[in-house]
Amino acid sequence: IVFAISIIGISSAYGFQEVSTSDFKIVNSLGEDIKSPVVDQQLILETSLKNIDEKNINWVYIVQVINSNGAIVDLNYAIGSFGTNQTFNAGVSWTPDTRGNYKIEIFVWDNLRDINPLAPMSTHSITVT
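Residues numbered from 1 in each chain as written. Predicted model: local features only at pLDDT ≥ 70, side-chain atom pairs only at ≥ 80, totals over all residues. Heavy atoms only, no water.

S.K.: Can you walk me through unusual backbone geometry in this structure?
M.R.: Working note: non-glycine residues mostly have negative phi, and peptide bonds are mostly trans. A positive phi is found at asparagine 85, a non-glycine position, where the angle reads about 65°. Structurally, asparagine 85 is set in the loop between β4 (72–82) and β5 (87–94). Positive phi, close to 45°, is recorded for isoleucine 115, a residue that is not glycine. Structurally, the position occupied by isoleucine 115 is in the loop between β6 (100–109) and β7 (117–128). (Helix = DSSP H or I, 4+ residues; strand = E, 2+ residues; numbered from the N terminus.)

S.K.: Quick question: what am I supposed to make of the nonpolar core here?
M.R.: Residues Trp59 and Tyr61 are the most contacted members of the largest nonpolar core, which totals 24 residues. Breaking this core down by element, the ones donating at least two residues are β1 (19–27), β2 (43–51), β3 (57–66), β4, β5, β6 and β7. Among the elements that line this core, the one with the most residues is β3, at five residues. Those residues within four positions of tryptophan 59 in sequence are excluded, and the remaining contacts are Leu49, Ala78, Ile79, Gly80, Ser81, Phe82, Phe88, Ala90, Val108, Trp109, Asp110 and Leu118. (Core = buried A, V, L, I, M, F, W, Y, C linked by side-chain atoms within 4.5 Å. Buried < 20%, exposed > 50% of the residue type's maximum accessible area, 1.4 Å probe, protein only. Contact = heavy atoms within 4.5 Å.)

S.K.: Is there a simple way to explain the side chain of glutamate 105 in this structure?
M.R.: Looking at the secondary structure, you find glutamate 105 in strand β6. Since its relative accessible area comes to 9%, glutamate 105 is described here as buried. Engagement of the side chain of glutamate 105 in a polar contact is seen with the side chain of glutamine 64, the distance being 2.6 Å. (Polar contact = N/O pair within 3.5 Å; in protein donor to acceptor, adjacent residues only side chain to side chain.)

S.K.: Would you mind showing me how to read the sheet that holds β3 here?
M.R.: The pairing of strands in a sheet comes from backbone hydrogen bonds and takes either a parallel or an antiparallel form. Spatially, the four strands line up as an open sheet ordered β4-β3-β6-β7, and their pairing is antiparallel. Sheet topology places β4 and β7 at the edges, where each strand pairs with a single neighbour. Going across the sheet, the axis of each strand differs from the next one's by a mean of 15°, ignoring polarity. Summarising the sheet, β3 and β4 pair through 10 bridges and their orientation is antiparallel. Across the sheet, the residue bridging to isoleucine 62 is tyrosine 77, located in β4. (Pairing = 2+ DSSP bridges. Axes fitted to C-alpha atoms, helices over the stretch in contact; angles between N-to-C directions.)

S.K.: Can you help me understand the packing of aromatic side chains in this one?
M.R.: Where two aromatic rings form a pair, the distance of their centres and the angle of their planes describe that pair. What the rule picks out here adds up to four aromatic pairs. Ring geometry for tryptophan 59 against phenylalanine 82: centres 6.2 Å apart, planes inclined by 50°, an arrangement best described as tilted. Here phenylalanine 82 lies in strand β4 and tryptophan 59 lies in strand β3, a separation of 23 residues in the sequence. The burial state of tryptophan 59 is the same as that of phenylalanine 82; both residues are buried. Here tryptophan 59 and phenylalanine 88 contribute two aromatic rings whose centre-to-centre distance is 5.3 Å and whose plane-to-plane angle is 40°, an arrangement assigned as tilted. You can see tryptophan 59 sitting in strand β3 and its partner phenylalanine 88 sitting in strand β5, a full 29 residues away along the chain. Note on tryptophan 59: relative accessible area 3%, which makes it buried. (Phe/Tyr/Trp six-rings, centres within 6.5 Å; stacked < 30°, edge-to-face > 60°.)

S.K.: Is there a simple way to think about the environment of aspartate 97 in this case?
M.R.: Inspection of the secondary structure assignment puts aspartate 97 in the loop between β5 and β6. It is 5.5 Å that separates the C-alpha atoms of aspartate 97 and aspartate 40, two residues lying 57 residues apart in sequence. Dropping the residues within four chain positions of it, aspartate 97 is found in contact with Val39 and Asp40. Engagement of the side chain of aspartate 97 in a polar contact is seen with the side chain of threonine 98, the distance being 3.1 Å.

This is the structure we're talking about:
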């Protein structure tokens, strides 16, 4: 937990805006929207990423799931790259094992080593029944 909090604090010191993010949604493995997630259901936490820079970009899509007690219950990432003006739907899988309210924090960085943000962090809330 300390590692994740430290990374978040460090990353906020850098600039960004090479990638725009939009359309966060929760889908199943077929890409169908899930409006009411349930325990033991595989969820894909997906965001549309668009390269708004004038060069090719490597990216890491990081998703952190936090329960109502403030504990990180899942931390996952996907890695990719794209060219100028290219759009990609990045997603990671999560299967909740407990009912409750969760906060989902999404980060888009250039890599896992330098942790330079390419887009602002976004936060979303979900309820699992």
